[in-house]
Protein chains: 4
Amino acid sequence: MSGTLNKVMLIGHTGDDVKMHYFEGGNCIGRFPLATNDSYVNKSTGERVNTTEWHNIVVRNKAAEICEKYLNKGDKIYIEGRLKTRKWQDEQGKDRYSTEIQCTDFTFLTPKNESQITGSSMQSAPQANTPAVNPQEVSTNSPEMEDDDLPF
Amino acid sequence: MSGTLNKVMLIGHTGDDVKMHYFEGGNCIGRFPLATNDSYVNKSTGERVNTTEWHNIVVRNKAAEICEKYLNKGDKIYIEGRLKTRKWQDEQGKDRYSTEIQCTDFTFLTPKNESQITGSSMQSAPQANTPAVNPQEVSTNSPEMEDDDLPF
Amino acid sequence: MSGTLNKVMLIGHTGDDVKMHYFEGGNCIGRFPLATNDSYVNKSTGERVNTTEWHNIVVRNKAAEICEKYLNKGDKIYIEGRLKTRKWQDEQGKDRYSTEIQCTDFTFLTPKNESQITGSSMQSAPQANTPAVNPQEVSTNSPEMEDDDLPF
Amino acid sequence: MSGTLNKVMLIGHTGDDVKMHYFEGGNCIGRFPLATNDSYVNKSTGERVNTTEWHNIVVRNKAAEICEKYLNKGDKIYIEGRLKTRKWQDEQGKDRYSTEIQCTDFTFLTPKNESQITGSSMQSAPQANTPAVNPQEVSTNSPEMEDDDLPF
DNA sequence: TTTT
DNA sequence: TTTT
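Per an unreviewed UniProt entry, chain A is named Single-stranded DNA-binding protein, and its organism is Aquimarina algicola. The UniProt entry for chain A carries this comment under Subunit (unreviewed entry): "Homotetramer." UniProt lists a comment for chain A under the heading Function (unreviewed entry), and it reads "Plays an important role in DNA replication, recombination and repair. Binds to ssDNA and to an array of partner proteins to recruit them to their sites of action during DNA metabolism."

Moving on: the overall build of chain A. Helices and strands together make up the secondary structure of chain A, namely two helices and seven strands. In chain A, the succession of α and β elements from N to C terminus is β-β-β-β-α-β-β-α-β. Burial statistics for chain A: of 152 residues in total, 51% are counted as buried. If you take every contact in chain A between residues at least 6 apart in sequence, the share linking residues at least 24 apart comes to 60%. Accessible surface, chain A as shown: approximately 7100 Å² in total, 48% of it carbon and sulfur.

Two faces belong to every sheet, and in a regular strand the side chains alternate between them. Residues and elements named next belong to chain D. Counting buried residues along strand β6 (residues 95-108), twelve of its 14 residues qualify, which places the element largely inside the surrounding structure. Relative to β6, strand β4 (residues 48-60) runs parallel, the two sharing two bridges. Residue pairing across strands places Val58 opposite Gln102, the latter belonging to β6. Two elements, strand β5 (residues 76-89) and β6, share 13 bridges in a ladder whose sense is antiparallel. Across the sheet, the residue bridging to Leu83 is Ile101, located in β6.

What follows deals with the pattern of salt bridges. According to the stated counting rule, one finds 36 salt bridges over all chains in the structure shown. D:Arg82 is the salt-bridge partner of B:Asp38, the closest N and O atoms lying 4.0 Å from each other. A residue pair is termed interchain when its members come from two chains, as with B:Asp38 in strand β3 (residues 28-41) and D:Arg82 in strand β5. When the shortest N-O distance is used, the salt bridge between C:Glu100 and C:Arg31 registers 2.7 Å. Placement of C:Glu100 in strand β6 (residues 95-108) and of C:Arg31 in strand β3 (residues 28-41) is noted, with a sequence separation of 69 residues between them. Since its relative accessible area comes to 1%, C:Glu100 is described here as buried. Among the residues examined, C:Arg31 registers a relative accessible area of 23% and is labelled partly exposed. Salt bridges linked by common partners bring A:Lys7, A:Glu80, B:Lys7 and B:Glu80 together as one network.

Right, let's get into the interface of chain B and chain D. With 34 residues of chain B at the interface, the matching set in chain D holds 35 residues. Between chain B and chain D, the buried area comes to about 2900 Å², and carbon and sulfur atoms account for 44% of it. Our enumeration of links across chain B and chain D arrives at four salt bridges. The greatest single-element share of the side of chain B that touches chain D, amounting to eight residues, is contributed by strand β1 (residues 5-14) of chain B. Here the side of chain B that touches chain D is composed, by residue class, of eleven nonpolar, 13 polar and ten charged. Two strands pair when backbone bridges link them, and β1(B) and strand β1 (residues 5-14) of chain D are joined in this way by seven bridges, in the antiparallel orientation. Looking at β1(D), one finds that B:Leu5 is bridged to D:Ile11.

What follows covers the state of the cysteines. Counted according to the given criterion, the structure contains zero disulfides over all chains. Just so you know, A:Cys28 is unpaired, no disulfide at all, and the nearest cysteine sulfur is the one on A:Cys67, 11 Å from it. What makes A:Cys28 buried here is its relative accessible area of 1%. You can see B:Cys103 has no disulfide; the closest cysteine sulfur is in B:Cys67, sitting 6.3 Å from it. A residue is classified by how much of its surface remains accessible, and B:Cys103, at 2% relative accessible area, is buried.

Here the focus is the environment of D:Thr36. Within the secondary structure layout, D:Thr36 lies in strand β3 (residues 28-41). The spacing of D:Thr36 and D:Thr99 is 63 residues in sequence and 16 Å in space, taken between C-alpha atoms. Look past the residues within four positions of D:Thr36 in its chain and what remains in contact with it is B:Thr4, B:Leu5, B:Asn6, D:Leu10, D:Ile11, D:Gly12, D:Thr51, D:Thr52, D:Glu53 and D:His55. Side-chain polar atoms of D:Thr36 contact the side chain of D:His55, separated by 2.9 Å.

The subject of this paragraph is the relation of the copies chain B and chain D. What relates the pair of chain copies is a rotation about an axis plus a shift along that axis. By a simple turn and slide, chain B fits onto chain D: the slide is 0.0 Å along the axis, the RMSD is 0.1 Å, and the turn is 180°. Overall, the copies show the geometry of a two-fold rotation axis. Taking C-alpha positions as the reference, the residue of chain B nearest the rotation axis is B:Val8, at 2.2 Å.

In low-pLDDT segments, the atomic positions of the prediction should not be examined closely. All names here are of chain A. For chain A, mean pLDDT is 80; residues scoring 70 or higher make up 74% of the total. Every residue in residues 118-135 scores below 50 in pLDDT, and together they form 19 contacts with partners more than four places removed in sequence or on other chains. Within the model, pLDDT remains below 50 along residues 141-152, and this stretch shows 47 contacts once partners closer than five positions in the same chain are excluded.

Here B:Arg31 takes part through its side chain, which lies 2.7 Å from a polar atom of the side chain of B:Glu100. A distance of 2.8 Å separates polar atoms of two side chains, one belonging to B:Glu100 and the other to B:Arg86.

Right, let's get into unusual backbone geometry. The residue A:Asn61 is not glycine, and still its phi comes out positive at about 50°. Within the fold, A:Asn61 resides in helix α1 (residues 61-70).

Residue and element names in this part refer to chain B. Pairing of β3 with strand β4 (residues 48-60) involves 13 bridges; the strand directions are antiparallel. By the bridge assignment, Leu34 is partnered in β4 with His55. Two successive antiparallel strands, β3 and β4, enclose a turn made up of six residues, where Gly46 displays a positive phi of approximately 80°.

With that out of the way, let us pick up the side chain of D:Glu80. Along the chain, D:Glu80 falls in strand β5. In contact with D:Glu80, not counting residues within four places along its chain, are C:Leu5, C:Lys7, C:Glu80, D:Lys7, D:Val8, D:Met9, D:Gln102, D:Cys103, D:Thr104 and D:Asp105.

Attention now goes to the environment of D:Lys76. Mapping D:Lys76 onto the fold places it in strand β5. The exposure class assigned to D:Lys76 is buried, which follows from its relative accessible area of 9%. On a C-alpha basis, the gap between D:Lys76 and D:Asn6 in space is 23 Å, while along the polypeptide they are 70 residues apart. Residues contacting D:Lys76, with those up to four places away along its chain left out, are A:Leu109, B:Gly3, D:Ile11, D:Gly12, D:His13, D:Phe108, D:Leu109 and D:Thr110. A distance of 3.0 Å separates the side chain of D:Lys76 from the backbone oxygen of B:Gly3, its partner in a polar contact.

Definitions and cut-offs
- Residues numbered from 1 in each chain as written.
- Chains lettered and ligands numbered in written order.
- Predicted model: local features only at pLDDT ≥ 70, side-chain atom pairs only at ≥ 80, totals over all residues.
- Heavy atoms only, no water.
- UniProt positions renumbered as here; feature names shortened; annotations may be inferred.
- Helix = DSSP H or I, 4+ residues; strand = E, 2+ residues; numbered from the N terminus.
- Buried < 20%, exposed > 50% of the residue type's maximum accessible area, 1.4 Å probe, protein only.
- Contact = heavy atoms within 4.5 Å.
- Areas by Shrake-Rupley, 256 points an atom, 1.4 Å probe, with all protein chains shown as cover.
- Pairing = 2+ DSSP bridges.
- Salt bridge = Lys/Arg side-chain N within 4 Å of Asp/Glu carboxyl O.
- Buried area = accessible area lost by both parts, 1.4 Å probe.
- Nonpolar A, V, L, I, M, F, W, Y, C, P; charged D, E, K, R; others polar.
- Disulfide = S-S within 2.5 Å.
- Polar contact = N/O pair within 3.5 Å; in protein donor to acceptor, adjacent residues only side chain to side chain.
- Least-squares fit on C-alpha atoms with pLDDT ≥ 70 in both.
- pLDDT = per-residue confidence, 0-100.

Rendered as structure tokens:
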């Protein structure tokens, strides 16, 4: 609805493997943490301070499956999405809030041959069998505008 | 393909009506100019300089038709798209280049009741019959991710 | 530091007046809630669902003062910033998290003469005395690149 | 001036070294081409088409010098900037237009040790002596908001 | 002229 | 919990 914009663009490194959740009806989502770094100079002390910001990324359905398959812990990725704050209840029944980035587009930025294959990770195994299709850039949309051959 | 990003985001005012072009096979595009303003201080003279930048917006198919119908000269609009430089030949057969923004998303920012209806414009007439559906925000994608009701 | 990006871009309506906080040393911040709208079709029922997302905006120093002065509840504004999740302790000493958008740039999108002046709001009074300088677009950066007159 | 937005965000590979231009008064700019890739399926033939889009990047002053020093042909980089179409006259005195991206922010995305040092390039030599300061992310602004230590 |  |  109506004349607003809700857009997040991140480039960062994943802090963990993609955790998948499957729903009845065939839908699924994947979640993973993404780290971005900021740096500023503390005015009082004059020293440079490095901080890390962690973002909760949520990817859906086919995009989730691609991330689960080809995205490894530590990889660099570009994420585009929307901010969404979920409300939930803790053990005491108190309202709690958690802000997530619902991913709408992503682009792998770590070359395939540099992606870390953590030995213990089931999810990394398939990568050894590199797919015929390069999964580096995947849109979670079905952009009809790109699917034709108009002369412009 | 391949780990790159090409994104433009503009908020500006349209400088003219949408010009439509129809192709065989049913496709169409709409074109219109969009103005953004910059302002900077001239270091030598110390005075503030206001400049206007004109952008060539290209919208496709259904999105083009919506713009033609509801977007009036002077309206404010948010445009998201990709940069595309077209090559063409002038009368002397010389290569010329023209850079356009291929629109992938847009949001009308002028309230419907404030949009200027330029009397001479055929395209404005339908607006008098306000549509049942509010066309304020329209995505040119078919974002499957928004079309379901996953619990997150 | 280090090759990452943390960017948020929002267009929405403010849900309340700007709340100012002043610090020793002369710094200050302003906070206000911003609403964006999403809309999707529920696959099961087929009906369109409209949702509102609320964002916690934090503006600093001079930018905060400008927002306090000229931004009224209900106004439309473009916000650019960074995501930042603050950690705090609740009454039980439990860790809690709150995600904010640290504003780095903004642009007023409500024409000055349409901005709602809520009678009870002290902060709106100054707006009656419209400033000589139009505060519609303000960057919270000091963009050296715009401050000169290079020939390009 | 006034309620508009002109923003470009690109991730691509540089197609050439940075060409510097120095002006009287100490200002300088650097220019280099940036390639982004798009891919779409030709509806008639059903085959995937890969296209390359070239962007003219213009960087200023200190940012230009950093790019000249540390950015090598083929490197991947994130560019944020504004669209600017310059008007110029060709040999026949005819108006010609050229669209550029005036860079306001950038982030190197190629790890330093993978950046190609083209043997013949003077500009690459200094990179052998790696700088004490990591130049990976550089803002061409002077973001006052990041330079303090407010408690948020 | 880049890259995958 | 990532990365430089």
